[in-house]
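A closer look at the structure
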Amino acid sequence: MPYYETSQEWLRQSALLLEARPSTTRITTTYHLTDKTGSSKKRQKRRQQQLQTATTTTTTTTTTASSAAPRASLTIKTYDPHSGTCLKYRTTKAAEVSRLILSLGQLGRKMAALPTDTDAVMVDAGVAEEVGTPGVEKTEGSGSASGNAGAKGQTQTQPPAQTQGQGQTGGGGGKGKKKRGKK
Amino acid sequence: MGHLSNDEFFAKLVELFDSAKGKDHGSIVLTQKRLSYDQPLPEATDDTLPSDLHPPQPLPILIRVTNGKGKEARKAKKKIKLSTVVGPDALPAFFERYAEICKQGMGSLKPRDRSKRKGKAKKKSKAAVTTTTA
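The shown structure was predicted, so the numbers you read here are calculated from the model rather than taken from an experiment. (Residues numbered from 1 in each chain as written. Chains lettered and ligands numbered in written order. Predicted model: local features only at pLDDT ≥ 70, side-chain atom pairs only at ≥ 80, totals over all residues.)

1. Regarding helix H1 (residues 6–20) of chain B
Its 15 residues give H1 of chain B an end-to-end C-alpha distance of 21 Å, which sits within 8% of 21 Å, the value for a rise of 1.5 Å per residue. For H1 of chain B, the set of buried residues is Phe9, Leu13 and Ala20 of chain B. Buried residues along H1 of chain B cover an arc of 35° about the axis, so they all sit on one side. Residues of H1 of chain B that are exposed and point over 90 degrees away from its buried face: Asp7, Glu8 and Asp18 of chain B. Buried residues along H1 of chain B sit in contact with strand S1 (26–33) of chain A together with strand S1 (27–34), strand S2 (61–66), strand S3 (81–86) and helix H3 (91–105) of chain B. Gly22 of chain B occupies a position one or two residues after H1 of chain B and carries a positive phi of about 80°. (Helix = DSSP H or I, 4+ residues; strand = E, 2+ residues; numbered from the N terminus. Expected span 1.5 Å × (residues − 1). Buried ≥ 20, exposed ≤ 12 C-beta atoms within 10 Å, placed from the backbone. Arc of directions from axis to C-beta. Contact = placed C-beta atoms within 7 Å.)

As structure tokens, this is what we get:
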């Protein structure tokens, strides 16, 4: 199964899979040290050769560079052994970690067969009115409200999020152009 | 090995991430799934709908962590396996802490600003760096 381009798409598909098979689906998150983003054997070979030639010529610089920053990647996989469905997403960006883990939490709610966050908000609001402790309950309500926005966004707010992502990549492209312009 | 409590689990997880720090290979595998073993689930009343789709009460979640070692390492007792069960009520708090620990533990991923310079043009990166800094 190929990797998804965006984590939003992975999250959306995983949520659908969990809805269909809540008991058998599992989510595995693997943190690989050493960068495996270019995992084709040819590329690895080439990289090794480069390293070897580099080490023969300039030993000190390459060793310090490689030891200073051992790269890593994070692969997140939703797998259902019953249907054989496998959904994957991979990243190397540290900035994405906490968002991904929190989306694991969202999916965890589905696994636990908890009501979706929309229902939770309703319940929370009801509780807040009944108990009348606005300080605590309000924060809870607002927290789950934001969670609700995220969860609901699987269908509604995520298209904008995706466009944001595209915007970012577009920005990257823009940078490339800038560089060319400067050269 | 039985399941750890959530607090113990987090403590060991931090240890595991710390032990991976500064190494240039290895992996840490985190898994989560519904804990369906030994859980009361009603028998399927209808053949068309599986009974696990809408259980009467929320079920706990099983979280497992290993350091991805197998075979020889297992014999040498280097394989680390942790597991914990998170109740439905504890889920939000658990995942907040989980995210925090993972963020700190996965320090070898690319930091935010470096990722923009790298990636596309490695040759150009040097020139870009000088231009941006200048």
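2. Brief notes about the nonpolar core
If you look at soluble globular proteins, the nonpolar side chains tend to sit buried side by side. Counting residues in hydrophobic clusters, the biggest one holds 38 residues, and the most contacted among them are Val97 and Ile101 of chain A together with Met106 of chain B. Ranked by the residues each element gives to this core, the list is headed by helix H4 (residues 97–111) of chain A, at six residues. The contacts of Ile101 of chain A, once residues within four sequence positions are left out, are Phe95, Tyr98, Ala99 and Cys102 of chain B. (Core = buried A, V, L, I, M, F, W, Y, C linked by C-beta atoms within 7 Å.)

3. Re unusual backbone geometry
Look at Ala113 of chain A: it is not a glycine, yet its phi comes out positive at around 60°. Within the element layout of this structure, Ala113 of chain A appears in the loop between H4 and helix H5 (117–131). For Ala113 of chain A, a count of 19 C-beta atoms within 10 Å gives the class partly exposed. Even without glycine at this site, Lys77 of chain B takes up a positive phi of about 60°. Here Lys77 of chain B is to be found in the loop between helix H2 (72–75) and S3.

4. Let's talk about the pairing of S2 of chain B
Residues and elements named next belong to chain B. The two faces of S2 differ: Ile61, Ile63 and Val65 on one face are buried, but Leu62, Arg64 and Thr66 on the other face are not. Pairing geometry for S1 and S2, over six bridges, is antiparallel. Across the sheet, residue Arg34 finds its bridge partner in S2, namely Ile61. (Pairing = 2+ DSSP bridges.)

5. Comments concerning the pairing of S1 of chain B
With seven bridges joining them, S1 of chain A and S1 of chain B adopt antiparallel strand pairing. Residue pairing in the sheet places Thr29 of chain A in a bridge with Leu30 of chain B of S1 of chain B.

6. A word on the environment of Pro55 of chain B
All names here are of chain B. Turning to its location among the elements, Pro55 is positioned in the loop between S1 and S2. Given 18 C-beta atoms within a 10 Å radius, Pro55 is considered partly exposed. For the pair Pro55 and Pro40, spaced 15 residues apart in sequence, the C-alpha to C-alpha distance is 9.1 Å.

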